[in-house]
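Each chain, written out:
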Amino acid sequence: MMRNRAFTFSLGSVVLCLLLVAGRGAVAAQSAEDGLWRSIAEGLSQNITLKRQELARMRQALPAEKGALAAGLSMISSRLDQLLLLRGVAGDTPWASRTLLMQLAELTHAVASARSPLEDIQDTLARTKQEYATLRQIRAQNASREYAELINEELAGPGRDFKDLKHEVDAVKDEVDDALAQAAALSADIQAARNDETTRFIDVFGRTYFTASGSLLHLSNLLGLLDDLHEWMDAGPRFWGPVLSFTPWGVFFLLTVVDAAVALGLFRLLLRRRPGVWETLRPGLVWLALGVGLFAARQSLLFTANQFTSLLWVSIMAYGLFRLASGGRVLAVLFACFMAGVFLDGLNLPASAVSALWVVVAGLGGWRLTRGWSCRCLTLWLLGAAAVASLLGFGPQAVILVQAFFMLYLAGYVSGAVQRWLGGLAAGRERSLAHLAQPLAVTVLAALYVAWVLVFMGGPGLVEYVFAMTFSIGKATISLDAVSWLVISFFLLRLVQASFQEALAYVNFRGRPMDAGLAHTVGAAFSYVTWILFILFALHLFEVPLGALTWIASGLSVGIGFGLKDIVNNFISGLIIMFGGAVKKGDIIQQGKNLGEVVDLSVRNTIVRTLDNTTVIIPNSSFLRGEIVNLSYHDTTMRLTIPVTVAPGTKIKKVKKILLSIAKEHGDVLKKPPPEVLLRSLGRFGLEFDLQVWIENFLKKFQVQSELATTIDQSFQENKILVPFQGVKVKYKPKGSEAMQLEAQRDALRQKRGQVFGKVRLLRRVHARRRWPAPASGVGEAE
């Protein structure tokens, strides 16, 4: 009974303690929550003070900013009116229309630059209003009544201050919005003028490059040429003067010199380790740096984009590349024709005048090439065709054709220089990232060449127009832009895959490099994933919906069921092998009669190089159907067994000692595991031993066996150890039936008997002459 009371008292004490601790925790949590909201309210009050100070500075600076904006908009509006008036005297030439488009684009940039300070003020005021809206939302949305009362109590003061600040912000923001509305209206007027001029440019471009200006062989067209020249002489100066006066030439040339010096310094830094090359290329690089400086200055300053600055930097860049190329007489003639075309473009001559003058230019260029050159020169035929085309009224087309041919020469030089540089980086290696970068570089240069020609003909607008031209094949939309991106992304993907595979060689795990087989598997998986992404990217480029591929999936399912099941089987088997780890790149495997090293492992097949350097391509499905002997599953070492037989009675310890010493002295035999000599059996011919050694490279298997066998034979001869051999008696069975064999034996016997009898008869004659010589002739006559 006493125990129960004690237990009850103890339990009650524990519960009371827990309740006290929980109550203190709740009170502490509530006090912490109150302190947090109090600190937030103090932070809001300080933020409101800072925003009031910032608003005061904005109010102080607002009149000056509005005045600057009004002055800028007034100047821009005046410039817009001047450009609209110049449209009437610009003439129907693409370069004049391009100059107007470039100047209108500069006006758009000028409006954006003028309104930028007020837009910053507008963004700051908008953020202040957003913070006030957030504060109101916090006070309006609460989880409980007590929580709402706490928040309203703590945020009441900052809320009132923020509300007063918001009214002041609204007043300032209205002034800013009114000022920016004027800029927006002017931007709309400029955009409308750009749209009208773009329409006019397309019309002028089509009439210049896709129609004839009239054959110069007709008298009426010659009279029209004189009228066009008279009109050009009257309107041309009135167009050039305002355009030249718009450009801040002093600042433009000063910035050009600075940018050119920076570009030349970069060229010198890149060639610091090749002083001979720098001395050779310095004249061309100086002109190239000057062209880069002109381009950079033209992009940095407002109202410097016109036909004169554009043709100037293009000409200097072309001259720099011409000096670097050193192409001989042909390239010099093409460059002279290119500069003549640039001069004609800068003068804004009408198409009929261009045709007349280009006949003379092309004729002079052809005459220069005929001196010392045969008629097989392609450039000579091109200039002749250009002269004939100009005579027939296609002068602008002939000009751009010759200029594009010259640009092609320069692009070919740049492409060759880039390929030689990448070839130098490869340094004779069979597989290098530089080799993979060569097709990418050529593709990028080809795309840049096409873009350069289009820009030179009609400006960036023409590039966008041509690259955006599309035609449909089924549900696919084909465009030059999509094809260019597809080719470039293809070569770029190949380069990325190779770079990733190279980077895996530098990955370490706990100070040890990644296994070659694992690196190959990871690289293959990365390649397959990126190829899938490339296919999806290609579908996106050609705007092919994924729903349109359902019929392809249906066809594949039927094809897999009938003709493609082996391909799919190899594919699935390849995935199992690659990610299962049973076979990796570099393993030594044996399948059937094929023993060799795995040099490549893909999802379709496995490539094995045998000991005689023969490449065997094995489908992956064959690995799953049969057994695979992986000699390097755990490590790459390989054991060789060399059988040795000695004559009976030879000392076993002596043979073992000789064999072990020979194995240990060989350079390709591993020390660990050590070589062993085993007495395999007491055979019919003698004592049969097995010399077991381990080697690192299985490709040296036969070489090591031959060298060990040769050394063993020499050592046995020196130590007078006999090696037994089994004699073999070879009996040849005659051909034919038994009767034919008997007849052949009789013939052979007759021939042998005839030969014997012939020798016997000869010996009998010799013996008879010696035993009974012939009588003397003198004695007979006397008788």
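Just so it is clear, the model here is predicted, and its values are computed rather than measured. (Residues numbered from 1 in each chain as written. Predicted model: local features only at pLDDT ≥ 70, side-chain atom pairs only at ≥ 80, totals over all residues. Heavy atoms only, no water.)

To find leftover empty space, one rolls a probe the size of a water molecule over the atoms. For the coordinates displayed, the defined rule picks out 2 cavities of 30 Å³ or more. By volume, the second largest cavity is sized at about 30 Å³. Lining the second largest cavity are L83, L84, R87, L100, L104 and E197. Of all elements in the fold, only α1 (2–86) and α2 (94–140) reach the threshold of two or more residues within the lining of the second largest cavity. Considered class by class, the residues forming the lining of the second largest cavity number 4 nonpolar, no polar and 2 charged. (1 Å grid on protein atoms, 1.4 Å probe; cavity = no way out; pocket = protein on both sides within 12 Å on 5 of 7 lines; lining within 4 Å. Points joined across faces, edges and corners; volume = space filled by probe spheres on them. Helix = DSSP H or I, 4+ residues; strand = E, 2+ residues; numbered from the N terminus. Nonpolar A, V, L, I, M, F, W, Y, C, P; charged D, E, K, R; others polar.)

Moving on to a nonpolar patch on the surface. On the surface, a cluster of nonpolar side chains totalling about 440 Å² of accessible area is made up of L217, V388, L391, L392 and F394. Turning to its location among the elements, L392 is positioned in the loop between α10 (378–391) and α11 (395–426). (Patch = residues over 30% accessible without salt bridge, like charges linked within 9 Å, V, L, I, M, F, W, Y side chains within 5 Å. Areas by Shrake-Rupley, 256 points an atom, 1.4 Å probe, with all protein chains shown as cover. Salt bridge = Lys/Arg side-chain N within 4 Å of Asp/Glu carboxyl O.)

This part covers the packing of helix α8 (residues 329–347) against helix α9 (residues 351–370). Packing of α8 against α9 brings their axes to within 10 Å, and their N-to-C directions diverge by 165°. Put simply, α8 runs roughly antiparallel to α9. Between α8 and α9 lies a crossing of right-handed hand. Packed against α8, whose contacting residues are R329, V330, V333, C337, A340, G341 and L344, the element α9 presents V354, L357, W358, V361, G365, R368 and L369 at the interface. Here the residues of the contact of α8 with α9 are counted per class, giving 10 nonpolar, 2 polar and 2 charged. (Axes fitted to C-alpha atoms, helices over the stretch in contact; angles between N-to-C directions. Parallel < 35°, antiparallel > 145°, perpendicular 65-115°, else oblique. Left-handed = near helix turned anticlockwise from the far one by under 90°. Contact = heavy atoms within 4.5 Å.)

For sheets, the rule is that strands pair by backbone hydrogen bonds, running either parallel or antiparallel. Spatial strand order, β10-β12-β11: 3 strands in an open sheet with antiparallel pairing. The sheet is open, and its two edges are formed by β10 (638–646) and β11 (676–682), each paired on a single side. Taken over all neighbouring pairs, the strand axes of this sheet differ in orientation by 25° on average, direction set aside. Each of β10, β11 and β12 (687–695) is contacted by helix α19 (residues 652–665), which is oriented at about 20° to β12, the strand it contacts most. Here helix α20 (residues 701–718) sits on the sheet in contact with β10 and β12, set at roughly 30° to β10. (Pairing = 2+ DSSP bridges.)

Two side chains bearing opposite charge may form a pair once their charged atoms approach each other closely. Within this structure, the stated rule accounts for 12 salt bridges. Across the salt bridge formed by E279 and R282, the nearest N and O atoms sit 3.3 Å from each other. Of this pair, E279 and R282 are both found in helix α6 (residues 275–300), 3 residues apart, which corresponds to roughly one turn of the helix. A relative accessible area of 47% means that E279 is categorised as partly exposed. Residue class for R282 comes out partly exposed when judged on its relative accessible area of 38%. One salt bridge connects R680 with E688, and the closest N-O pair in it is separated by 3.0 Å. According to the relative accessible area criterion, R680 is partly exposed, its value standing at 45%. Given the relative accessible area of 18%, E688 is considered buried. Each member of the salt-bridge network shares a partner with another, and the members are R680, E688 and D690. (Buried < 20%, exposed > 50% of the residue type's maximum accessible area, 1.4 Å probe, protein only.)

Our next topic: the side chain of E106. Residue placement: E106 occurs in helix α2. In this structure E106 is buried but unpaired, with R298 as the nearest side chain of opposite charge at 7.3 Å. When neighbours within four sequence positions are excluded, E106 is seen to be in contact with L301, L302, F303, T304 and A305. (Lys, Arg positive; Asp, Glu negative; His and termini not counted.)

On to the nonpolar core, then. By size, the foremost hydrophobic cluster in this structure holds 57 residues, and its most contacted members are F338, W358, L369, V402, F406 and F456. Considering every element that reaches this core, the biggest residue donor is α11, with 10 residues. Apart from residues no more than four positions distant in its own chain, L369 is found in contact with R329, V330, V333, C377, T379, L380 and L383. A110, L118, A179 and A183 belong to the second-largest nonpolar core, a separate cluster that totals 35 residues. (Core = buried A, V, L, I, M, F, W, Y, C linked by side-chain atoms within 4.5 Å.)

Owing to its 3.6 residues per turn, the α-helix brings residues three or four apart onto one side. Between its terminal C-alpha atoms α10 stretches 20 Å, which fits the 20 Å expected from 14 residues at 1.5 Å a residue. A positive phi of about 105° marks G393, the residue just after α10. (Expected span 1.5 Å × (residues − 1).)

Below, the discussion takes up helix α4 (residues 219–246). With 28 residues, α4 ought to run about 40 Å at 1.5 Å a step, and its terminal C-alpha atoms sit 41 Å apart, in line with that. The largest bend in α4 is about 35°, located at A235, with the proline P237 one to four residues further on. The complete set of buried residues in α4 reads L225, A235, G236, F239, W240, V243 and F246. (Bend = angle between axes of the 7 residues up to and from the residue.)

To continue, consider the packing of aromatic side chains. Taken as a whole and judged by the stated rule, the model has 19 aromatic pairs. Between F201 and F205, the aromatic rings sit 5.9 Å apart at their centres with planes inclined by 40°, giving tilted as the arrangement. Note that F201 and F205 are positioned in helix α3 (residues 145–209) at a spacing of 4 residues, about one turn of the helix. As far as burial versus exposure is concerned, F201 and F205 are alike and both buried. Geometrically, the ring pair formed by F205 and Y209 is tilted, given 4.8 Å between the ring centres and 50° between the ring planes. Separated by 4 residues within a single helix, F205 and Y209 lie in helix α3, roughly one turn from each other. (Phe/Tyr/Trp six-rings, centres within 6.5 Å; stacked < 30°, edge-to-face > 60°.)

The next thing to look at is unusual backbone geometry. Backbone torsion omega between K672 and P673 reads -5°, so that peptide bond is classified as cis. Note that P673 resides in the loop between α19 and β11. Not every positive phi belongs to a glycine, and N348 is a case in point at roughly 60°. Its location among the elements puts N348 in the loop between α8 and α9. On the accessibility criterion, N348 (7% relative accessible area) is buried. Unlike most non-glycine residues, K720 shows phi in positive territory, near 55°. Mapped onto the elements, K720 comes out in the loop between α20 and α21 (738–771). On the basis of relative accessible area, K720 is assigned to the exposed category, the value being 75%.

Our next topic: the side chain of S97. Examined against the element boundaries, S97 turns out to sit in helix α2. Apart from the residues lying within four places of it in its own chain, the contact partners of S97 are E197, R200 and F201.

Within the open sheet, the 5 strands sit side by side as β8-β7-β6-β5-β9. Their pairing is antiparallel. Taken across any chain shown, the strands that pair with only one partner, and hence form the sheet edges, are β8 (615–619) and β9 (629–630). Relative to β8, strand β7 (residues 605–610) runs antiparallel, the two sharing 5 bridges. If you follow R609 over to β8, its bridge partner there is T615.

With that settled, the discussion passes to the confidence of the model for the protein. With 77% of its residues at a pLDDT of 70 or more, the protein has an overall mean of 77. Averaged pLDDT values for the elements of the protein fall to 45 in helix α22 (residues 777–782) and rise to 92 in helix α5 (residues 249–270). Here residues 143–151 is a poorly scored stretch, pLDDT under 50, and it has 12 contacts once near neighbours within four places are set aside; other chains count. Scored below 50 in pLDDT, residues 778–783 makes 0 contacts in the model with residues more than four places away or belonging to other chains. (pLDDT = per-residue confidence, 0-100.)

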